[in-house]
Amino acid sequence: MCWFIQTFKSSLGKKYIMAITGFLLGGFLLVHALGNSSVFWGGEAFNSYAHHLHSMGPLVPLFEICLLAVFCLHIITAGYLFFENRAARGSQYAVQTSAGGRTWGSKTMPYTGIIILLFILLHLVNFHFPEKTVEKPISVFVVEVLHGPQALLYLIGLAALLLHISHGFWSLLQTLGISHPKYDQPLRVLAWILAGFMGAVFILVTLLVLFCKSYLAI
Ligand code: HEM
């Protein structure tokens, strides 16, 4: 535990915690996006995918606890870094350190982070907590939520997610030392391609259900 507190106390340690937790959350998102893409094959495919996941027994709550812990660590560390940076900017030793310059993604990180947090809370209330039954499977909940005005909130949340992970992925590469002024631009493009892929799947699912609810009919 002592090593963890030491890591948390140093700025570089916090950057590593952000990189590792961000990587794990990105991994979850990629798997979630691939799982959600089963919507493209209709309601039955989507329900059988969700059923398959839930049939993994005690692995499911174990995974959920780990995901929650990683998520909390990411947010708490981000909060510490935010206030530390703000305090440093107020001091006479302030330096503007952002390799590769400030972008929309980097400038808005705390705000897109808050939007994503609110989005996830809404998302869990929508899909995770309600009880699913044979008569009312998960696809019915998805139609109820996304085939209506809430789809707009989802699109706002997903736009924030796209911006957040595009910078997050680039920043992760920086922390791991994978950076060189010559390759800044291609690395940024790579970050956008990865973020774009995940964002595109989630946004397409939302638009598909918004405009064509019969797609998920079973
Ligand atoms: C169109 C977009 C999305 C759809 C249709 C969707 C669908 C779902 C569904 C149906 C569940 C519940 C699974 C179940 O309990 O049976 C779920 C859980 C979850 N989703 Fe999403 N999701 C979307 C986007 C996202 C995004 C962008 C994030 C994160 C930023 C996210 C994070 C989560 C989390 C954390 C859970 C709970 C996981 C668990 O309990 O194991 N989802 N999603």
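Analysis parameters
Residues numbered from 1 in each chain as written. Predicted model: local features only at pLDDT ≥ 70, side-chain atom pairs only at ≥ 80, totals over all residues. Helix = DSSP H or I, 4+ residues; strand = E, 2+ residues; numbered from the N terminus. Buried ≥ 20, exposed ≤ 12 C-beta atoms within 10 Å, placed from the backbone. Axes fitted to C-alpha atoms, helices over the stretch in contact; angles between N-to-C directions. Parallel < 35°, antiparallel > 145°, perpendicular 65-115°, else oblique. Left-handed = near helix turned anticlockwise from the far one by under 90°. Contact = placed C-beta atoms within 7 Å. Nonpolar A, V, L, I, M, F, W, Y, C, P; charged D, E, K, R; others polar. Expected span 1.5 Å × (residues − 1). Near = placed C-beta within 6 Å.

Draft legend 1. Main features of the overall build of the chain. Of regular secondary structure, the chain possesses nine helices and zero strands. Taken from N to C terminus, the helices and strands of the chain fall in the order α-α-α-α-α-α-α-α-α. Considering only C-alpha atoms, the chain reaches an extent of 65 × 40 × 30 Å along its principal axes. Across the 218 residues that make up the chain, the buried fraction comes to 19%.

Draft legend 2. Structural view of the packing of helix α8 (residues 150-175) against helix α9 (residues 184-211). Close contact between α8 and α9 brings their axes to 8 Å; oriented N to C, the two are set at 165 degrees. The angle between α8 and α9 falls in the class roughly antiparallel. The handedness of the crossing between α8 and α9 comes out as right-handed. Where α8 abuts α9, its residues Ala-151, Tyr-154, Leu-155, Leu-158, Leu-161, Leu-162, Ile-165, Ser-166, Phe-169, Trp-170 and Leu-173 lie against Leu-187, Arg-188, Ala-191, Trp-192, Leu-194, Ala-195, Met-198, Gly-199, Phe-202, Ile-203, Thr-206 and Leu-210. Across the contact of α8 with α9, the residue classes tally to 19 nonpolar, three polar and one charged.

Draft legend 3. Spatial organisation of α9. If you check α9, its first and last C-alpha atoms are 39 Å apart, about what 28 residues at 1.5 Å a residue would give, namely 40 Å. Along α9, the residues that are buried comprise Ala-191, Ala-195, Met-198, Gly-199, Val-201, Phe-202, Val-205, Thr-206 and Val-209. Residues of α9 that are buried sit in contact with α2 (11-36), α7 (138-146) and α8.

Draft legend 4. Focus on the site of the ligand. Within the structure, the ligand sits among 18 residues, and Glu-64, Phe-127, Phe-202, Val-205 and Thr-206 are positioned closest to it. Those elements that provide at least two residues to the shell around the ligand are α2, α6 (109-128), α7, α8 and α9. Looking at which element gives the most residues to the shell around the ligand, the answer is α6, with five residues.

Draft legend 5. The packing of α6 against α8, seen in detail. Put simply, α6 and α8 touch, their axes get as near as 9 Å, and they point 135 degrees apart. Looking at the two axes, α6 sits oblique to α8. For the crossing formed where α6 meets α8, the hand is left-handed. Touching Met-109, Thr-112, Gly-113, Ile-115, Ile-116, Phe-119 and Leu-122 of α6 are Leu-153, Ile-156, Gly-157, Ala-160, Leu-161, Leu-163, His-164 and His-167, all from α8. In the contact of α6 with α8, the residues fall into ten nonpolar, five polar and no charged.

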